[in-house]
Structure formats: structure tokens, C-alpha cells
Amino acid sequence: MSKNWNIERRTFLRGAAGALVPLPFLNLMENSAKAATADLAGDSAPPLRFVTLFKPNGVHPPSWNIEGGKENDFRMSPLMAPFAKHKDDLLILDNMGDFGFSSHSNSTRRFLAGHHANKKSASVDQMIADKIKGDTAHRSLELTTEGLFTNQIDCSYISYNEKGDRIPRESDPQLVFDRLFRNPMRDPNRREEVASLLDRVRDDAIALQRKAGREDQETLEEYFTTVRETEQRLEKMTPVSGPNGVDFSSLKRPEGSGNLNEQVEAMLDVMAMALWTDSTRCISYMLGNSNSRMIFDFLGIKKQHHYLSHFFRNFSRENIDSLLKISLWHMEKFDYLLNKLKAYKDHNGSLLDHSIVLFGSGMGHSDNHTAQRIPIVLAGQGGGLLKTGRYLRYSKNQELGRLHLTLLNKFGIDSNSFANSTTPLPGLDGGEFDEFQERPFESWVKFGLGKLTVQGRLRMSDNLDEAKVFYIDVKGKESVRIEVSFKDFHGFNLAYHVGTPITLSGNTSERNGRVVLTKVTELKSLFGNSKPGKANG
């Protein structure tokens, strides 16, 4: 074989019935890649990809938050355990979000649009898609696991076009696979009549393998195996006809389908393959609506996710355990995606090396809907755009719009503002940032007749048997225990102030021989906003 024989990057295997199979990057494409229009990082650089994975219904903060960690010296939290092995590939951001309460629909708008009021411009994923689409067959993919929540339609979308309008999502991995890898004119209902995709392009594939070197042959074999396994997996999920010829696919799927895990992993498989074949470079995927009503019965859980997320007002040990199981499942799907992206070779690295993956939610505390300490993780180095393996806890709350503005700039989009943010978020590339430092303060407690005033740092109990209990630590004294009604919890926004020093006054009672604050009468923040406000609920 001539060493000078090359093929174009945008090469497809062709077969009968209009079958087209896009290919991953091969050494045979090297010269054409170098001659192609320059990508962001240089003439011979691999394309950059952007992926977002949205987690619904916030988190249980004590299980998610990292406390006491520094940029290069931190221990990942219990909820991060499923993807802890990827620590060197991660950039964990803390103190993201800037005010008090947030509605579910506002949290979805905030996740990729930067601010709940940004309703007349494209979301960040769509702006990036326009920049990096190149000559891909699909400018972007917008995916989900759940149907529309018609009572609050905005809860079902995270991607918006240039007018700020919602972009429809797709939820069936079979149909997404068909659109990507099969003739789009073919009727997906006739799937059983279609022979294996690889069989239909076999001749073209054999000819290509004969021309390829050993490394390319190995890449092709891995790719063909992946296509075949994915196709077989999807075929197993195909609904079959029941008695009297009833098409099961026409029936309404009951809530809590046991196929949810299989559906999500199949979609993640298809996503990774779409990126690997350069069929698209931008994908957004919702693991659930922002107030997801899904029931995770395959995890042994019988209650809706949204109900469980309100763990303060619906507290029981069983409920909090169920909520954490669901959150861990979300983390496992993030891990699954990262494993897939790291497994695929791409130029001189992996697919993850040349991608930026944004994982997170649009709210922090799942019960009180705080827009503060929102869980946000970036994965992948984006071809050197990010310096990973670090934990960035900013000294002050940061609006998500600053992160989005930075991402736009990183992807080569010249923008001076996004949403209501005009300055990029520093530190993502290893540069300086204003890191959180504990400010000194005095702690004390004063008792009166049935009343108490205490100053110190507010914290949630890390004992899951008392997940609705708060404490204020006082140096040299027993911590003050706080057990209040939902009205006080919500009205004084205790969740927002967790981790910060406050002065708290209230009424007390004795419980099990201990004085407990049971009614809040006043709350003042030592260094922040005592009344952070809300964004329309």
C-alpha cells in the first residue's frame, strides 16, 4: 500500500438501500485533516466537541458539597464517588449561583442560558454549535429521557434558539440512531425488515480495511464492533407486536418503566458514537425534566423523584435514602458517558481529551430550590482549553452566565457579554481566581427565658436520620441544634445560608434534655445578604 494514499475526513461507507456509515478519525485521514480549514487550536487539531448533561431536582447538599477543600488538595464528596476515578479529567466548580429561591422552570433556563430572565437569545450550547459545526451532518442534538411536563412546560427544555424559543428534544435512542446512521427517508417502523447496517456496507468496509495500516485496521475493527453491538442492543429494545397484532409501541408507556436505565445507556452509547464519527459536535441531554416525576422502580423506589427531592418537608429515612439512590444513579450515568468518551481513540488522544462536558443542575438544595452552590462539573480538557484535576471554590457567588461567557470565548466566539454577565469566569485554564478563604468571626450563644441568640456557622446535619436538622457550631460549647417548621426553613431560607456565619435568634424548647431552637425570629448574615430574594418562586 502506498504511504501517500489518503481519504477525506468526511468519508462515509456506502451500501445498498442508501446506507451511509460515517467513520472515526483514521491515520489515512491525517493529510486531509491538516489541509482542512483550521479548527480552533490549529490547522491539524482535531475538532472540539461540547456536551451537556443536565441533572434534575438539585442535590442533597451535605452529600454533594466539598467542604474544606483547596484547588489542588480536595477530597471528592460521597455523591461524586461514582466518577471519582476521573478526578484528573475534572474541573469541579463551587459557589456557582447568586441568589435565593428558584423555580423549576427558572433552573432549566439558567442551566444553559445563564440567567432565568435571558429569554430572547440562544442558549450557550446553540451558540457553540454554530461555531464548531463545520461540515458535520447534524449541527447539534437535543435529547431527553422524559416527556413534556405540560403543567409547567419550561421545565422540559434546556436548549433555546436565537429568539430564545424552546428547541424540541428527542427521547428514543433508536430513532436518533436511525437519523444518524441510516437513510433518513427510511420508515423506522420497518426496522425489522432492515438487514444489519454493517452488512449493507460490507464491500466498502472490506475495501477500506485492505488499504488501511495496522493501527487503522484496529481502529476500524473496534468501530465496527461498537456499531454492531449498539445496533444489536437497540434491536433488543424494539417493541414487538402482541396478541391480535397490537403494536405495543402505540401504547402509552407507564411511569416508572424498568427500561429507563437501558434507555439512558443506549442514548449515551449513541451520543458517544455520534461524536466519534463526527456526525455532530454538540449534544445536550436531559436526564430528566427539572421537576422530574419519574419513578425509579428498577432501583426499588416507588415514589416520584420530585416528591423525594423535597426531603425536608417530606422527611423520612426511607425517603432520603431513595433520593440519594436516584442522585447516585445520575452520577453513574455521568461516569458511563466519561468512560465511553475515554475509550474512543481520537487523533493523538481520546474523544474526551478533545471535548468539554458540562454536567450539573440548575439549582442547589433540592427542597428549598436555592440558586446557590449549584452543582457544576466540567470534564475533558477541550484540546488544552481547560486545566483539569482541580476544585475551584470561588470567594463569592458566581452567576452561571460568567461560566457560559468563558465557554463561548474558549470556543472562539468573540462575545463581551452573555445573559446579564459581562466578565468571564476566571481560573478554568489554570489562571488566577479569587479562591474562597474563611473569614475570621466570633462565635457565641446567649440564652434568655425561652429564647436564644447564637452566632456561628450554620450547617446541615450530616446524619441522614436527621436530614432536616441544622446546627450552629459555637467554639468551646455544645453546638446549637435547630429544628424548625417548613415555614421557617423556607421563609428565612436557611438552606441558602448553610456554610456561612450568621446571627440567629429564636424561641426554644427542651427536647430529650437538650435546649433546641424551634422558632426563628431573626436571621442576619455576617458577610452576605441576609435576604437574598427569589426569582419568581
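You'll find the structure just up there.
The structure displayed is predicted, hence computed values, not measured ones.

Quick notes on unusual backbone geometry
Here is step 1: Unlike most non-glycine residues, Arg 373 shows phi in positive territory, near 50°.
Here is step 2: Within the secondary structure layout, Arg 373 lies in the loop between strand 9 (370-371) and strand 10 (376-379).
Here is step 3: Positioned with a positive phi, Asn 512 is a non-glycine residue whose angle comes to about 55°.
Here is step 4: Secondary-structure assignment places Asn 512 in the loop between strand 16 (501-511) and strand 17 (514-525).

Comments concerning the sheet that holds strand 3 (residues 49-54)
Here is step 1: Strand order across the open sheet formed by seven strands is 6-7-3-8-10-4-11, with mixed pairing between neighbours. The open sheet is flanked by strand 6 (141-144) and strand 11 (390-398), the only strands paired with a single partner. For this sheet, the mean angle separating the axes of adjacent strands, direction not counted, is 15°.
Here is step 2: As paired elements, strand 8 (residues 355-360) and strand 10 share four bridges and run antiparallel to each other. Its bridge partner lying in strand 10, Gly 360 is registered against Ile 376.

Points about the environment of Gly 430
Here is step 1: Along the polypeptide, Gly 430 turns up in the loop between helix 12 (400-410) and strand 12 (444-448).
Here is step 2: According to the relative accessible area criterion, Gly 430 is partly exposed, its value standing at 34%.
Here is step 3: Separated by 43 residues in the primary sequence, Gly 430 and Lys 387 place their C-alpha atoms 5.4 Å from one another.
Here is step 4: Those residues within four positions of Gly 430 in sequence are excluded, and the remaining contacts are Lys 387 and Arg 390.

Remarks on helix 5 (residues 173-181)
Here is step 1: Most of helix 5 is tucked away, with seven of its nine residues classed as buried.
Here is step 2: Buried within helix 5 are the following residues: Pro 173, Gln 174, Val 176, Phe 177, Asp 178, Leu 180 and Phe 181.
Here is step 3: Structurally, the start of helix 5 carries an N-cap: the backbone nitrogen of Gln 174 is 2.9 Å from a side-chain oxygen of Asp 172.

Some words on the packing of aromatic side chains
Here is step 1: Applying the stated criterion across every chain, the model contains 16 aromatic pairs.
Here is step 2: Judged by centre distance (4.1 Å) and plane angle (0°), the ring pair of Trp 276 and Tyr 344 falls under stacked. Remark: Tyr 344 occurs in the loop between helix 11 (317-343) and strand 8 and Trp 276 occurs in helix 9 (residues 260-276); sequence separation between them is 68 residues. One exposure class covers both Trp 276 and Tyr 344, and it is buried.
Here is step 3: Here the aromatic rings of Phe 296 and Phe 298 are separated by 5.9 Å at their centres, their planes lie at 45°, and the arrangement is tilted.
Here is step 4: For Phe 296, a relative accessible area of 0% translates into the label buried.
Here is step 5: When its relative accessible area of 27% is taken as the criterion, Phe 298 is described as partly exposed.
Here is step 6: One aromatic cluster is present, built from ring pairs that chain together Phe 312, Phe 470, Phe 486 and Phe 489.
Here is step 7: It is Arg 109 that lies over the ring of Tyr 160; its NZ or CZ is 3.7 Å from the centre.

Comments concerning the pairing of strand 14 (residues 470-473)
Here is step 1: In this structure, strand 13 (residues 451-460) lies alongside strand 14, joined through four bridges in antiparallel fashion. Paired with Arg 457 across the bridge in strand 14 is Asp 473.
Here is step 2: Of the pairings in the sheet, the one linking strand 14 to strand 15 (residues 480-482) comprises three bridges and is antiparallel in character. Residue pairing in the sheet places Tyr 471 in a bridge with Arg 481 of strand 15.
Here is step 3: Counted between consecutive antiparallel strands, the loop separating strand 14 from strand 15 contains six residues, among which Gly 476 sits at a positive phi close to 80°.

Conventions used here
Residues numbered from 1 in each chain as written. Predicted model: local features only at pLDDT ≥ 70, side-chain atom pairs only at ≥ 80, totals over all residues. Heavy atoms only, no water. Helix = DSSP H or I, 4+ residues; strand = E, 2+ residues; numbered from the N terminus. Pairing = 2+ DSSP bridges. Axes fitted to C-alpha atoms, helices over the stretch in contact; angles between N-to-C directions. Buried < 20%, exposed > 50% of the residue type's maximum accessible area, 1.4 Å probe, protein only. Contact = heavy atoms within 4.5 Å. Polar contact = N/O pair within 3.5 Å; in protein donor to acceptor, adjacent residues only side chain to side chain. Phe/Tyr/Trp six-rings, centres within 6.5 Å; stacked < 30°, edge-to-face > 60°. Lys NZ or Arg CZ within 6 Å of the ring centre and 35° of its normal.

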